[in-house]
Amino acid sequence: MAKLSILIIGGGVIAWSLAWQLAQKKAAVTVVSDEGSSASLAAAGMLAPSFEARHPRAGKGLGRILHNSLELWDDFAHRLSYDPLQDLDYCREGIIAVDYPPDIFPTSVPHPPLSAIMSKRMVLLPGEGQVNPRQLLPLLKKSAQSFGAVLVNRRALAFWEEGRHVIGCFLENEDPIRADYVILAAGAGGDVFFPSKKPNLIPVRGRAFLVEAPHPLLPKVIRTQDIYLCPKQDGTLYVGATEEFMGQMNEKNLLDRLWEGAIKLYPALRDQKILQIFDGVRPAHVTGVPHVRWHGEKKNLILAQGHDRNGILLSPWTVKEVMGLLDL
């Protein structure tokens, strides 16, 4: 009996999480990605549903999805790695919320002030945490390919269709690829596959800093309503992040304001070396909720789109949803 063949369009954490799990289920998986910059690599990797459920773009029901996915993360991380702390920088030791309105987080507990942070109003969100996307994505690729997933390093141009069925995709400078099912997980670029339709995805640019962390390291992720500080086990610190829409995507002062605000919050940053500036475009769905479902008109096509700021957090949930759609 021939293997079920599945074509995944996309190169970020969502695409490779699906490739890993589908290949493990003995499907013949092909990932089409031009291996350009991925929003996944510009992400902080926070697992923070309590915060993200309160974001202004969050749609109805998103909070429940975020919390459900967080509960899947322990199993997801341990199946991917023998040592998630070492291989993924994965932890769920809580996130410290700073200067939020009182009682906004019902599950929070008081946290003593940190001398390095210029605020005394802190609470801890237990069970939330982070993973390092720059460790997660390569490990997902390696694991997927170890189970037989194949990467085609080309740009996907359009769906290959027969009637109402999507049977594959056309590639740049390469023969088209055929498959039993196609999964579109192309992030902010996903709308290009529907040129005649009104766009469903809002591109939101996010920029952030990676710096040498001051010593001693912050004990946990710190979040205000405008800034987050994510200490990584390699001695670096992720300082994020801007949110920029069309019309303001080249405003340098947004990045300057982020850095100035971070120094005001955490003065020890002032003399630290900036190692890298991350720059990625998040795919926000117009509904405020990611769409992981069968396409309503095109047969054999699954959409995995619109994860916005939560692609890392929602990877296990997305895998579970797609497995259910395929009955695997």
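Above this note sits the structure.
Within each chain, residues carry numbers counting from 1 in the order of the written sequence. Note on the predicted model: pLDDT of at least 70 is required for a residue's local features to be given, and 80 or more for side-chain atom pairs to be given and counted; whole-chain, interface and lining totals, by contrast, use all residues. Hydrogens and water are ignored here; the side-chain numbers use all heavy atoms of the structure.

Observations concerning the overall build of the protein
So, point 1. Tallying secondary structure elements over the protein gives seven helices and 19 strands in all.
So, point 2. On C-alpha atoms alone, the protein measures out to a radius of gyration of 20 Å, which is about the 20 Å that the 2.2 N^0.38 rule sets for 328 residues.
So, point 3. By its C-alpha atoms, the protein is 65 × 45 × 35 Å across when sized along the principal axes.
So, point 4. Every residue pair with non-hydrogen atoms within 4.5 Å of one another is taken to be in contact. Contacts in the protein between residues at least 24 apart in sequence constitute 71% of all its contacts with a sequence separation of at least 6.
So, point 5. Of the side chains in the protein, 36 bear a positive and 34 a negative charge, and the two mean positions are spaced by 3 Å. Only DSSP runs of H or I covering at least 4 residues are called helices, and only runs of E covering at least 2 are called strands; the numbering of each starts at the N terminus. What the globule rule says is 2.2 Å times the number of residues to the power 0.38, and the radius of gyration is computed from C-alpha atoms. Only four residue types enter the tally: Lys and Arg on the positive side, Asp and Glu on the negative side, with His and both chain ends excluded. Note that the charge is assigned to NZ on lysines, CZ on arginines, CG on aspartates and CD on glutamates.

Some points on the packing of aromatic side chains
So, point 1. In this scheme Phe, Tyr and Trp rings, the latter by its six-membered ring, pair at centre separations within 6.5 Å, and the angle between planes marks the pair as stacked below 30 degrees, edge-to-face above 60, and tilted otherwise. A complete count under the given rule lists 13 aromatic pairs for this structure.
So, point 2. Ring plane angle 70 degrees and centroid distance 4.9 Å describe the contact between Trp-73 and Phe-76, whose orientation is recorded as edge-to-face. A residue pair is termed a helical-turn pair when its members lie 3 or 4 positions apart in one helix, as Trp-73 and Phe-76 do in helix α3 (residues 62–80) at three residues.
So, point 3. Remark: exposure states derive from per-residue accessible area (1.4 Å probe, protein chains only) relative to the maximum for the residue type, with buried under 20%, exposed over 50%, and partly exposed in between. The exposure class of Trp-73 is buried, given its relative accessible area of 0%.

Examining the sheet that holds strand β12 (residues 181–184)
So, point 1. If you walk across this open sheet you meet the six strands as β8-β2-β1-β12-β19-β18, and the pairing is mixed. Edge strands, defined here as strands with exactly one partner in the open sheet, are β8 (150–152) and β18 (291–294). Sheet twist, expressed as the average angle between the axes of neighbouring strands with direction ignored, equals 20 degrees.
So, point 2. The pairing of strand β1 (residues 5–9) with β12 spans four bridges and is parallel. Two strands pair under a simple rule: DSSP has to find at least two bridges between them. Under this scheme, a helix contributes an axis fitted over its contacting stretch, all axes are lines through C-alpha atoms, and angles between N-to-C directions fall in the 0 to 180 degree range.

So, the layout of surface pockets
So, point 1. The calculated volume of the second largest pocket comes to roughly 540 Å³.
So, point 2. Cavity and pocket criteria rest on a 1 Å grid covering protein atoms alone: a 1.4 Å probe that fits but cannot get out defines a cavity, protein on both sides within 12 Å along at least 5 of 7 lines defines an open pocket, and an atom within 4 Å of a point defines a lining residue. Along the walls of the second largest pocket sit 24 residues, with Gln-225, Asp-226, Ile-227, Glu-243 and Arg-309 positioned nearest its centre.
So, point 3. Broken down by secondary-structure element, the contributors of at least two residues to the lining of the second largest pocket are α2 (49–52) and α6 (252–265).
So, point 4. Residue contributions to the lining of the second largest pocket peak at four residues, all from α6. Grid points are joined across faces, edges and corners, and a volume is the space filled by probe spheres set on the points.

Considerations on the pairing of strand β10 (residues 165–171)
So, point 1. When you tally the buried positions in β10, you get five out of seven residues, the bulk of the element.
So, point 2. Looking at chain direction, strand β9 (residues 156–162) and β10 are connected through six bridges and run antiparallel. Across the sheet, residue Glu-161 finds its bridge partner in β10, namely Val-166.
So, point 3. The loop that links β9 with its antiparallel partner β10 comprises two residues; one of these, Gly-163, has a positive phi angle of about 65 degrees.
So, point 4. Taken together, the three bridges between β10 and strand β11 (residues 174–178) define a ladder with antiparallel strand orientation. Following the sheet pairing, Leu-171 is matched in β11 by Glu-174.
So, point 5. The turn joining β10 and β11, which pair antiparallel and follow one another in sequence, is formed by two residues; a positive phi near 55 degrees is taken by Asn-173.

Focus on helix α7 (residues 315–326)
So, point 1. When the terminal C-alpha atoms of α7 are compared, their 17 Å separation across 12 residues agrees well with the 16 Å that a helix rising 1.5 Å per residue should span.
So, point 2. The inward-facing, buried residues of α7 contact β1, α1 (13–24), α3, β12, β18 and β19 (301–305).
So, point 3. Two residues or fewer after α7 comes Asp-327, characterised by a positive phi angle close to 60 degrees. Expected span, for any helix, means 1.5 Å times one less than how many residues it has.

Looking at unusual backbone geometry
So, point 1. Residue Pro-216 is reached from His-215 by a cis peptide bond, and omega for that bond is 0 degrees.
So, point 2. Within the element layout of this structure, Pro-216 appears in the loop between β13 (201–212) and β14 (221–223).
So, point 3. With an omega of -10 degrees, the peptide bond between Gly-240 and Ala-241 qualifies as cis.
So, point 4. Although it is not a glycine, Asp-99 adopts a positive phi angle of roughly 65 degrees.
So, point 5. Mapped onto the secondary structure, Asp-99 falls in the loop between β4 (95–98) and β5 (109–110).
So, point 6. Of note in the backbone geometry, Asp-327 takes a positive phi value of approximately 60 degrees without being a glycine.
So, point 7. Relative to the helices and strands, Asp-327 resides in the segment after α7.
So, point 8. Judged by relative accessible area, which is 71%, Asp-327 ranks as exposed.

Some points on the nonpolar core
So, point 1. With 46 residues, the main nonpolar core has Ile-8, Leu-18, Leu-22, Val-29, Trp-73, Leu-136 and Ile-183 as its most contacted residues.
So, point 2. Looking at this core, the element that brings in the most residues is α1, giving nine residues.
So, point 3. Beyond its immediate chain neighbours, meaning those up to four positions away, Trp-73 contacts Leu-47, Tyr-90, Val-131, Leu-136, Ile-312, Leu-313 and Pro-316.
So, point 4. Formed by 23 residues, the second largest nonpolar core is a distinct cluster that contains Met-122, Leu-124, Ile-222 and Leu-237. Among the buried residues, those of types Ala, Val, Leu, Ile, Met, Phe, Trp, Tyr and Cys that are joined through side-chain atoms within 4.5 Å form a nonpolar core.

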